[in-house]
Amino acid sequence: MKAKSTIIFLLLFFLFTQKNVLPQSVKNIEQRIDSVLALMTQEEKIGQLVQFTGDWDTGTHSTEPKAGKKELVAEGKIGSFLNIFGADMTRGLQKIAVEKSRLKIPLIFGLDVIHGFRTTFPVPIAEASSWEPALVEKSARMQAIEVSASGINWTFNPMVDIARDPRWGRIVEGSGEDPVLGAAMAVARVKGYQGNDLSANNTIAACLKHFAGYGGAEGGRDYNTVDFSERTFREVYLKPFKAAVDAGAATLMASFNEIGGVPSSANHHLLTEILRDEWKFDGFVVSDWNSIGELIPHGVAKDLKQAAELALNAGLDMDMESNAYTKHLSELLAEGKVSGKTLDESVRRILRIKFRLGLFDDPYKYCDAEREKKTILNQEMKDATYDVAKKSIVLLKNEKEFLPLKKETKIAVIGPLANSTADPLGPWNQQGDAKDVVSVLQGIKNKCGDKVKILFEEGCSITGKETDGFGKAIQAAKEADVVVLVLGESLDMSGEARARATLDLPGVQEELAKEIYKTGKPIIAVLMNGRPLTINWLNEHAAAILETWFLGIRAGDAIADVLFGDVNPSGKLPVTFPKYVGQVPMYYNHKNTGRPYNPKDNYTSYYADYDNSPLYPFGYGLSYTKFVYENLKLSAKKFSKKESLQVSVEVKNDGKYDGEEVVQLYVRDLVGSVTRPVKELKSFQKIFLKKGETKKVEFTLTEEDLKFYNLDMNFVSEPGMFKVFVGTNSVECLENEFELTE
Ligand code: BGC
């Protein structure tokens, strides 16, 4: 026994004092974890599983830890903080951990870097509208570079929840309704945050959230019950998680919701059987904020002690803010309700990520005040956010090629969001500051210079009922050639706990639009919002509509560049826009039913009062130029499971501008052992075409693309006939057929 502890002591001596001359064998992370684990007391092990917030939630907005927490760090009773950042602040705390605590285990600092830290990038749903994974990866890379300079080494992002219901406020944080697009965006963000080397000082650990099914909340109401089949769960909701785990995501966050009666924080099937046993994930899982404590109101735990037992045994490694592990794990271990092996496994996973981040080798690598000063909101950051913003805009309507505008046009810029510098930051902006933001009005002014008179009126507020501002707005419209009407939601109408029961423009904004329309001046609607809105009136009456979501600090520059044609819009909707809230959930990859809608038959699946079609379908978005699709060709009529199929199409730029197009490929499995969606996105490519240019775009389909969970819940393909669709959105496609054989 004595000999053993002497060896361990020597190993640790090497680990912590001779870090630059570590013997090769000790460099192996698993061995290093073994040697640390062997020295840890039970209390210190539990400490690694505990995460606390800084003082952020008390309303002080300071980033100090709460009273008493520094002492706990010194005692080895805290493994992680969230909402504490800043090179000096984190250095101070890290110093306590590695100088005062017995085992000198460094802290990991987490933060919600959802679309930027100080430099605010477009909200995630906007970035997904670019359909450009490389761009989204670049955005995440820049966010990591910025925040890692401020002491943070872990972001609670990407949110990869599929969302089919725009009433759910958190639809803004994700990549929309489709699992293939969602998976591509999830992987891009993980690669961007984590880079090629997680131990570099400017890469941070990603956290896939919310595991899982959170976007399926009934009625779109946040935190609400989720209940769908294991098949839908795996094929739709888990797909982006699986792809991002395969891409090396370091951590996951358990979601608040239950699925089929089991809350995620107590879900062994999800956190252990699927995630660890099937997917071989070896990082760690953190709870959502107090989600272990919430097992009590969920009704699966009678008290916090039982909640701790359920959570740790399910595979939930780190407790964010509930205090369940701190207060009860020792007792549960003594009673044998939680085993020492289970505890060790969770500690091991957390230490593994700390080792992979390189924190044991240099705990201060993210705490460099000089680097922080040089990096935060620097020109490179501002340029990067502009590059993403201009590609996140979706042109929804452009009647008679009304846009782009000429710079000498006399413009009335009207609407409650026209001069807003706060709202373009969007929900979950971290340290974004309105004074950095270019508003739409400012963007237009910058573009046009002094020669053109730009009139501005708010007209009304975002949500208020007052119409006293209408008069001045109407007057401004009358004096102008054209009206740019900036409408939508405020930054806090979407995001967490921001479900809406209607999807209309809030307040009196639509009334304002109607009054302006009466002046006869053409309306260009610029929308800022965190979810699809029901904008039927605008769709009928505006000359042009731009969906801009919340574009971050360079919003006004990007929007002005699109309005005046310096940028040709290329975004496509990652989510369906319904016509009426009563149609939701509405998504393109639905099932056919036994009675698909047939206008000639009353007894088919439709709404008696309104029609079945969306306002804008998934994948939709216009360009200033015109793309023509021709010659959809397949390399064969049949292909076997061992072979592949080439699908090609010619796309011609038949308009007046150079432009980018997202070519989308969908498949329908015509007959299966279980029903299949009417269309499923399988692949997409973004291409650039000069005006007049034609390009042949090629896709390869393999058996892998055609697999699904069959009647016996095996993930397989089934031979038979398939339809393939290639086009500019999920509705307007060329189509062909092929057969998959054994
Ligand atoms: C949210 C998470 C977030 C966490 C920490 C929770 O309320 O659901 O998405 O990461 O808070 O801020």
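Residues numbered from 1 in each chain as written. Predicted model: local features only at pLDDT ≥ 70, side-chain atom pairs only at ≥ 80, totals over all residues. Heavy atoms only, no water.

**Considering the overall build of the protein**
Part 1: A tally of helices and strands in the protein yields 23 helices and 26 strands.
Part 2: The globule rule puts the C-alpha radius of gyration for 742 residues at 27 Å, and the 27 Å found for the protein is close to it.
Part 3: For the protein, the spread of C-alpha atoms along the three principal axes comes to 90 × 65 × 50 Å.
Part 4: A total of 742 residues make up the protein; the buried ones form 60% of that total.
Part 5: Across the protein, the fraction of contacts at a sequence separation of at least 24, relative to all contacts at a separation of at least 6, is 77%.
Part 6: For the protein, the exposed area adds up to about 28100 Å²; of that, 49% sits on carbon and sulfur atoms.
Part 7: Distance between charge centroids for the protein: 3 Å, based on 92 positive and 101 negative side chains. (Helix = DSSP H or I, 4+ residues; strand = E, 2+ residues; numbered from the N terminus. Rg over C-alpha atoms; globule rule 2.2 N^0.38 Å. Buried < 20%, exposed > 50% of the residue type's maximum accessible area, 1.4 Å probe, protein only. Contact = heavy atoms within 4.5 Å. Areas by Shrake-Rupley, 256 points an atom, 1.4 Å probe, with all protein chains shown as cover. Lys, Arg positive; Asp, Glu negative; His and termini not counted. Charge placed at Lys NZ, Arg CZ, Asp CG, Glu CD.)

**With respect to the domain arrangement of the protein**
How big an interface is tends to be stated in terms of the accessible area lost upon association of its parts.
Part 1: Once the domains are mapped, the protein shows domain 1 (393–583) and domain 2 (627–741).
Part 2: Taken over C-alpha atoms, the centre of domain 1 sits 35 Å from the centre of domain 2.
Part 3: Taken residue by residue, the interface counts five residues in domain 1 and ten residues in domain 2.
Part 4: The three residues of domain 1 that bury the most area against domain 2 are N568, S570 and K572, which together make up 74% of that side's buried surface.
Part 5: For the salt bridge of E661 with K572, the shortest nitrogen-to-oxygen distance reads 3.1 Å.
Part 6: Our count for the contact surface shared by domain 1 and domain 2 stands at four residue pairs in polar contact (both at pLDDT 80 or more).
Part 7: Considering only residue class, the side of domain 1 that touches domain 2 consists of one nonpolar, two polar and two charged. (Domains from an automatic or database assignment. Buried area = accessible area lost by both parts, 1.4 Å probe. Salt bridge = Lys/Arg side-chain N within 4 Å of Asp/Glu carboxyl O. Polar contact = N/O pair within 3.5 Å; in protein donor to acceptor, adjacent residues only side chain to side chain. Nonpolar A, V, L, I, M, F, W, Y, C, P; charged D, E, K, R; others polar.)

**Section: the environment of D712**
Part 1: Its place among the elements puts D712 in the loop between β23 (708–709) and β24 (715–716).
Part 2: The exposed category is assigned to D712, whose relative accessible area is 58%.
Part 3: Put simply, D712 and S673 are 39 residues apart on the chain and 9.0 Å apart in space, counted from C-alpha to C-alpha.

**A word on the site of the ligand**
Part 1: In the region of the ligand, the neighbouring residues are L82, D112, F156, R170, K209, H210, M253, F256, D288, W289, M320 and E496.
Part 2: Between the ligand and the protein, one listed contact pairs an oxygen atom with a side-chain N or O atom of R170 at 2.8 Å.
Part 3: E496 is positioned such that a nitrogen or oxygen atom in its side chain is 2.8 Å from an oxygen atom of the ligand.
Part 4: About the coverage of the ligand: the protein hides 94% of its 310 Å² of free accessible area.
Part 5: Grouping the amino acids of the shell around the ligand by side-chain chemistry returns six nonpolar, one polar and five charged. (Near = heavy atom within 4 Å.)

**Considering the sheet that holds strand β15 (residues 523–528)**
Sheets are built from strands paired through backbone hydrogen bonds, the pairs being either parallel or antiparallel.
Part 1: Spatially, the six strands line up as an open sheet ordered β11-β16-β15-β14-β12-β13, and their pairing is mixed. Every other strand in the sheet has two partners, leaving β11 (394–398) and β13 (454–457) as the edge strands with one partner each. The sheet shows a mean angle of 15 degrees between the axes of neighbouring strands, taken without regard to direction.
Part 2: Contacts from helix α19 (residues 440–448) reach β12 (411–414), β13, β14 (482–488) and β15 within the one sheet, and its direction differs from that of β13 by about 175 degrees.
Part 3: Contacts between helix α23 (residues 555–563) and the sheet are confined to β14, β15 and β16 (544–547), with β15 contributing the most and set at about 150 degrees to the helix. (Pairing = 2+ DSSP bridges. Axes fitted to C-alpha atoms, helices over the stretch in contact; angles between N-to-C directions.)

**Things to note about the side chain of R676**
Part 1: Take R676: it is sitting in the loop between β20 (659–669) and β21 (680–689).
Part 2: We classify R676 as buried; its relative accessible area is 6%.
Part 3: In terms of polar contacts, R676 uses its side chain to reach the side chain of E235, at 3.1 Å.
Part 4: Reaching out from R676, the side chain makes a polar contact with the side chain of E680 at a distance of 3.5 Å.
Part 5: Ignoring sequence-local partners within four residues, the contact set of R676 consists of E235, K591, D669 and F708.

**Brief notes about a nonpolar patch on the surface**
Part 1: A cluster of nonpolar side chains, namely L670, V671 and M721, defines an oily patch on the protein surface of about 260 Å² accessible area.
Part 2: Considering the arrangement of structural elements, one finds M721 in strand β25 (residues 720–727).
Part 3: Judged by its relative accessible area of 34%, M721 falls in the partly exposed class. (Patch = residues over 30% accessible without salt bridge, like charges linked within 9 Å, V, L, I, M, F, W, Y side chains within 5 Å.)

**What to know about the sheet that holds strand β10 (residues 319–320)**
Part 1: Judged by pairing direction, the sheet is parallel, and its five strands sit side by side in the order β4-β3-β2-β1-β10 without closing on themselves. Pairing within the sheet leaves two strands with one partner each, and these edge strands are β4 (154–155) and β10.
Part 2: Looking at chain direction, strand β1 (residues 50–53) and β10 are connected through two bridges and run parallel. Following the sheet pairing, V50 is matched in β10 by D319.

**Comments concerning the packing of α19 against α23**
Part 1: Running from N to C, α19 and α23 point in directions that differ by 55 degrees, and their axes come no closer than 7 Å. Put simply, α19 runs oblique to α23. Classified by chirality, the crossing of α23 by α19 is right-handed. Seen from α19, the contacting residues are V440, G443, I444, N446 and K447; seen from α23, they are G556, D557, I559, A560, D561 and L563.
Part 2: The residue inventory of the contact of α19 with α23, partitioned by class, reads five nonpolar, three polar and three charged. (Parallel < 35°, antiparallel > 145°, perpendicular 65-115°, else oblique. Left-handed = near helix turned anticlockwise from the far one by under 90°.)

**A closer look at the confidence of the model for the protein**
Part 1: Confidence in the prediction for the protein averages 95 pLDDT; 96% of positions are at 70 or higher.
Part 2: Considering only residues more than four positions removed or in separate chains, one finds that residues 6–14, a stretch of pLDDT under 50, has 13 contacts.
Part 3: A low-confidence stretch, residues 16–26 stays under pLDDT 50, and its non-local contacts, those more than four residues away or across chains, total 19 contacts. (pLDDT = per-residue confidence, 0-100.)

**Some points on the pattern of salt bridges**
Part 1: In total, this model carries 53 salt bridges according to the counting rule given.
Part 2: One salt bridge in this structure joins E99 and K95, with 3.4 Å as the shortest N-O distance. One end of the pair, E99, and the other, K95, are both in helix α6 (residues 87–100), four residues apart, so they sit about a helical turn from each other.
Part 3: Here E99 falls in the partly exposed class, since its relative accessible area comes to 48%.
Part 4: Here the salt bridges do not stand alone but share partners, grouping E30, D34, E345, R348 and R352 into one network.

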